[in-house]
Amino acid sequence: MEVLAKVSSPAKINLGLWILGKRSDGYHDILTLYHAIDLCDEVRIEEGPFRVETSTGIPMEENLVYRALAEFERRVGREIELSVFINKNIPEGAGLGGGSSNVATVLKEVNRLMGELLGEDELMEIAGIISSDAPFFFRGGTQIGRGRGEILEEIEPIELDVTLLIPSVKASTRKVYSLVREEDLTPQMSPEKLVSLIREGRYELLENKLGEIACSLYPEIGEAVRFVEHLGFKALVSGSGSAVFYIGKPTPELETGARLRGWKVVKAKSWLGV
Ligand SMILES: C[C@](O)(CO)[C@H](O)COP(=O)(O)OP(=O)(O)OC[C@H]1O[C@@H](n2ccc(N)nc2=O)[C@H](O)[C@@H]1O
Ligand SMILES: Nc1ncnc2c1ncn2[C@@H]1O[C@H](COP(=O)(O)OP(=O)(O)OP(=O)(O)O)[C@@H](O)[C@H]1O
């Protein structure tokens, strides 16, 4: 079959995440700085029967991309006659937004291949229904996320070397959020404070309140944080975990320690292209 599109689907890290409050719809209002990195899934779209397959064998009905395309099809009133194949490199349940990135990347490509039937706003609306992290991936780069994560504001691009340390445990975003208590809320944190921290390069002041809960729920994530801090780096959990990262390149001590513990090390850079 003819290959119609080949496109990369980048991961994200959260350069800080604060939980501002609990909402009546069961979600939480957050303030976060999304940052796309060059750890990517590879998406291939061919003409053919409507299907969505991943290299990790995610059942199609469970695939966030399939659910997004089903909603797209309903709205445009035309059948999708395309086959989507995703080669997964982004570890699942790592707080790196793999599925969310796939949703945005595939919606954009399918919409383009079918003649731009929907505008970006409506595509982002579909994406946001499927996953709170997905709207970020339409523009990528570095964006402030508020609300559930779907209210976005681009800031000037920053270029970082990032080292990810990925424990084998998969973190459940829903479970981590379900443990949020009153004392974990920081309603006083504002986008202005966050932007000034970043502008001044005060990365040591960044924190992820959700990541702290993930560490209590999944001790291996806490171990990874303490190991990175022991090496003298500022460790942050990405999203709800399990990935831990720091700004800088891998060191021999880090590689050795990670190997001993069976943790994956990924050397990444900012992903500036969308
Ligand atoms: C942790 C982050 O990844 C940080 O970027 C996001 O806040 C979560 O984004 P996500 O994985 O796309 O989350 P979703 O798939 O939309 O929601 C999964 C579950 O996480 C909880 N959830 C998610 C986002 C949010 N702002 N508040 C929440 O309480 C809800 O229980 C929801 O049912
Ligand atoms: N296309 C997909 N890619 C990855 N996971 C998917 C996909 N579709 C559905 N899933 C399911 O969703 C779960 C979470 O996926 P994802 O990789 O986006 O989580 P995550 O890395 O924790 O992202 P986030 O930062 O949004 O929490 C996976 O464990 C998997 O079962």
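All values derive from a computational prediction rather than experimental measurement.

**With respect to the overall build of the protein**
If you tally the helices and strands in the protein, you get 8 helices and 10 strands. In terms of C-alpha radius of gyration, the protein reaches 18 Å, essentially the compact-globule figure of 19 Å for 274 residues. When the backbone C-alpha atoms are referred to their principal axes, the protein occupies close to 55 × 40 × 35 Å. Per-residue burial over the protein gives 54% buried out of 274 residues. Contacts in the protein between residues far apart in sequence, at least 24 positions, make up 75% of those at least 6 positions apart. In the structure as shown, the protein presents an accessible area of about 12400 Å², 49% of it carried by carbon and sulfur atoms.

**Brief notes about the site of ligand 2**
Not every one of the 19 residues close to ligand 2 is listed here, only the nearest: Lys88, Gly99, Asn102, Asp133 and Thr173. With respect to ligand 2, the side chain of Lys12 contributes an N or O atom lying 3.0 Å from an oxygen atom. Gly95 places a main-chain nitrogen or oxygen 3.0 Å from an oxygen atom of ligand 2. In the complex, 82% of the free accessible area of ligand 2, which totals 600 Å², lies under the protein chains. Sorting elements by how many residues they give to the shell around ligand 2 places helix α2 (residues 98-113) first, with 4 residues. Among the residues making up the shell around ligand 2, the classes are represented as 4 nonpolar, 10 polar and 5 charged.

**Let's talk about the UniProt feature "active site" (unreviewed entry) in the protein**
Under the local residue numbering, the UniProt record ascribes the feature "active site" (unreviewed entry) to Lys12 and Asp133. These annotated residues cover 122 residues of sequence, and their C-alpha atoms lie no more than 9.1 Å from one another, placing them together at a single site. As for its placement among the helices and strands, Lys12 is situated in strand β1 (residues 3-22). When its relative accessible area of 2% is taken as the criterion, Lys12 is described as buried. Not counting the four nearest positions on each side in its chain, Lys12 is found in contact with Tyr34, His35, Ala36, Ile37, Gly95, Leu96, Gly97, Asp133, Phe136, Phe137, Ser238 and Gly239. A distance of 2.7 Å separates the side chain of Lys12 from the side chain of Asn14, its partner in a polar contact.

**Some remarks on the sheet that holds strand β7 (residues 161-166)**
The antiparallel open sheet is built from 4 strands, whose spatial order is β8-β9-β7-β10. Here the strands that pair on one side only, and so sit at the sheet edges, are β8 (236-237) and β10 (264-269). Of the pairings in the sheet, the one linking β7 to β10 comprises 6 bridges and is antiparallel in character. Directly across from Asp161, in β10, lies its bridge partner Lys269. Strands β7, β8 and β9 (244-247) of the sheet are contacted by helix α7 (residues 219-230), whose axis makes an angle of about 20 degrees with β9.

**Thoughts on the packing of helix α6 (residues 209-217) against α7**
Axes are the key here: two packed helices are described by the angle between their axes and the distance separating the axes. Closest axis-to-axis distance for the α6/α7 pair is 5 Å, and the angle between their directions is 120 degrees. Contact residues: α6 offers Ala214, Cys215, Ser216 and Leu217, while α7 offers Pro219, Ile221, Gly222 and Val225. A per-class count over the contact of α6 with α7 returns 6 nonpolar, 2 polar and no charged.

**Looking at unusual backbone geometry**
With the exception of glycine, most residues fall at negative phi, and the peptide bonds are largely trans. The linkage connecting Gly241 with the following residue, Ser242, adopts the cis geometry, with an omega of 20 degrees. Mapped onto the fold, Ser242 is located in the loop between β8 and β9. In this model, Glu116 sits at a positive phi of 50 degrees, which is unusual for a non-glycine residue. Its location among the elements puts Glu116 in the loop between α2 and α3 (120-130).

Parameters at a glance
- Residues numbered from 1 in each chain as written.
- Chains lettered and ligands numbered in written order.
- Predicted model: local features only at pLDDT ≥ 70, side-chain atom pairs only at ≥ 80, totals over all residues.
- Heavy atoms only, no water.
- Helix = DSSP H or I, 4+ residues; strand = E, 2+ residues; numbered from the N terminus.
- Rg over C-alpha atoms; globule rule 2.2 N^0.38 Å.
- Buried < 20%, exposed > 50% of the residue type's maximum accessible area, 1.4 Å probe, protein only.
- Contact = heavy atoms within 4.5 Å.
- Areas by Shrake-Rupley, 256 points an atom, 1.4 Å probe, with all protein chains shown as cover.
- Near = heavy atom within 4 Å.
- Polar contact = N/O pair within 3.5 Å; in protein donor to acceptor, adjacent residues only side chain to side chain.
- Nonpolar A, V, L, I, M, F, W, Y, C, P; charged D, E, K, R; others polar.
- UniProt positions renumbered as here; feature names shortened; annotations may be inferred.
- Pairing = 2+ DSSP bridges.
- Axes fitted to C-alpha atoms, helices over the stretch in contact; angles between N-to-C directions.

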